[in-house]
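Each chain is listed here by its residues.
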Amino acid sequence: QKEVEQDPGPLSVPEGAIVSLNCTYSNSAFQYFMWYRQYSRKGPELLMYTYSSGNKEDGRFTAQVDKSSKYISLFIRDSQPSDSATYLCAMTSLGAGNKLTFGGGTRVLVKP
Amino acid sequence: DAGITQSPRHKVTETGTPVTLRCHQTENHRYMYWYRQDPGHGLRLIHYSYGVKDTDKGEVSDGYSVSRSKTEDFLLTLESATSSQTSVYFCATEQAGSNYGYTFGSGTRLTVV
């Protein structure tokens, strides 16, 4: 079993809908959680970063962490066709040597 | 991808040949990483470096070696390329202003025939 699980999708939504993405993990030591966005044939880019549990909002994006359930989420409000990409979660712990463990990514398609 | 350059962007090579991929950064970051990305496996760490001449293995290091003789350059070598090493390779550095976040390069698409 992988340390970080992420549904590969694809997830298809109409423009303007809320996109809901999530990852589950097994390592309770993970404390730092990230979401990356990757457009086709490009490198991933850091989208959101959270530490420990709680919510973080940045414009149309909200990241949530529930450490008790080992579950993290990313919500995209008012989705746009430009949000069509693969979204990867990543996480790490103190003492992990700055090494991130990634989920497999969820492909999202926002239809006009 | 400002500050990270990967070369080459694309390469086709034959089984059994050595291949070297280059990652160059201009931001003087201490940490650098090599990942490979494959369908169904996501991003997997090959090797990483925490300083000049300081490197360590990741989860899929077999068949790969790395070198870092200067802060700005991190080289990944496939000692004898195999078809299973056909993949997209990404270099990353730590991202300024973000604890544990990475900045990725644009990737190298390697095909071993």
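See the structure above.
Being a predicted model, the structure only gives us computed values, none of them experimental. (Residues numbered from 1 in each chain as written. Chains lettered and ligands numbered in written order. Predicted model: local features only at pLDDT ≥ 70, side-chain atom pairs only at ≥ 80, totals over all residues. Heavy atoms only, no water.)

### Points about the overall build of chain B
(1) Moving on: When you go through chain B residue by residue, the secondary structure sums to zero helices and 11 strands.
(2) Moving on: The N-to-C order of helical and strand elements in chain B reads β-β-β-β-β-β-β-β-β-β-β.
(3) Moving on: For a compact globule of 113 residues, the expected C-alpha radius of gyration is about 13 Å, and chain B comes in at 13 Å, within 12% of that figure.
(4) Moving on: In terms of principal-axis extent, the alpha carbons of chain B reach across some 40 × 30 × 25 Å.
(5) Moving on: For chain B, buried positions account for 48% of its 113 residues.
(6) Moving on: Once local pairs closer than 6 in sequence are excluded, the contacts in chain B between residues at least 24 apart make up 53%.
(7) Moving on: With an accessible surface of roughly 5200 Å², chain B has 46% of that area assigned to carbon and sulfur atoms. (Helix = DSSP H or I, 4+ residues; strand = E, 2+ residues; numbered from the N terminus. Rg over C-alpha atoms; globule rule 2.2 N^0.38 Å. Buried < 20%, exposed > 50% of the residue type's maximum accessible area, 1.4 Å probe, protein only. Contact = heavy atoms within 4.5 Å. Areas by Shrake-Rupley, 256 points an atom, 1.4 Å probe, with all protein chains shown as cover.)

### Some details on the state of the cysteines
Two cysteines whose sulfur atoms are joined by a covalent bond form what is called a disulfide.
(1) Moving on: If you walk through the whole model with that rule in mind, you get two disulfides over all chains.
(2) Moving on: Two residues, A:Cys23 and A:Cys89, share a disulfide whose sulfurs are 2.0 Å apart. The S-S bond linking A:Cys23 to A:Cys89 shows a torsion near -105 degrees; that makes this disulfide left-handed. Highlighted residues: A:Cys23 in strand 3 (residues 19-25) and A:Cys89 in strand 9 (residues 85-92), separated in sequence by 66 residues. With respect to class, A:Cys23 is no different from A:Cys89; both count as buried.
(3) Moving on: Two residues, B:Cys23 and B:Cys91, share a disulfide whose sulfurs are 1.9 Å apart. Here B:Cys23 and B:Cys91 share a disulfide; its torsion about the S-S bond, -70 degrees, makes the bridge left-handed. With a gap of 68 residues between them, B:Cys23 in strand 3 (residues 19-25) and B:Cys91 in strand 9 (residues 87-94) connect regions that are remote in the sequence. With respect to class, B:Cys23 is no different from B:Cys91; both count as buried. (Disulfide = S-S within 2.5 Å.)

### Here's the deal with the pattern of salt bridges
All names here are of chain B.
(1) Moving on: Inspection of the entire model under this criterion finds seven salt bridges over all chains.
(2) Moving on: Across the salt bridge formed by Arg 44 and Asp 38, the nearest N and O atoms sit 3.0 Å from each other.
(3) Moving on: Judged by its relative accessible area of 17%, Arg 44 falls in the buried class.
(4) Moving on: A single salt-bridge network, built from bridges that share partners, covers Arg 22, Lys 70 and Asp 73. (Salt bridge = Lys/Arg side-chain N within 4 Å of Asp/Glu carboxyl O.)

### Observations concerning the interface of chain B and chain A
(1) Moving on: Each partner contributes residues to the interface: chain B has 22 residues there, and chain A has 21 residues.
(2) Moving on: Together chain B and chain A conceal approximately 1800 Å² of surface at their shared face, both sides included; 53% is due to carbon and sulfur atoms.
(3) Moving on: Our count for the contact surface shared by chain B and chain A stands at zero salt bridges.
(4) Moving on: The interface formed by chain B and chain A holds four residue pairs in polar contact (both at pLDDT 80 or more) in total.
(5) Moving on: Contributions of two or more residues to the side of chain B that touches chain A are made by strand 4 (32-38), strand 5 (42-51) and strand 10 (102-104) of chain B. (Buried area = accessible area lost by both parts, 1.4 Å probe. Polar contact = N/O pair within 3.5 Å; in protein donor to acceptor, adjacent residues only side chain to side chain.)

### With respect to the packing of aromatic side chains
(1) Moving on: Counted by the stated rule, this structure contains 19 aromatic pairs over all chains.
(2) Moving on: For the ring pair A:Tyr25 and A:Phe33, a centre distance of 5.4 Å and an interplane angle of 45 degrees mean the geometry is tilted. Comparing A:Tyr25 with A:Phe33, the two get one shared label, buried.
(3) Moving on: These aromatic residues form a ring-pair network of at least three members: A:Tyr36, A:Phe102, B:Tyr31, B:Tyr33, B:Tyr35, B:Tyr48, B:Tyr50, B:Phe90, B:Tyr102 and B:Phe104. (Phe/Tyr/Trp six-rings, centres within 6.5 Å; stacked < 30°, edge-to-face > 60°.)

Just distances and angles here, no functional claims.
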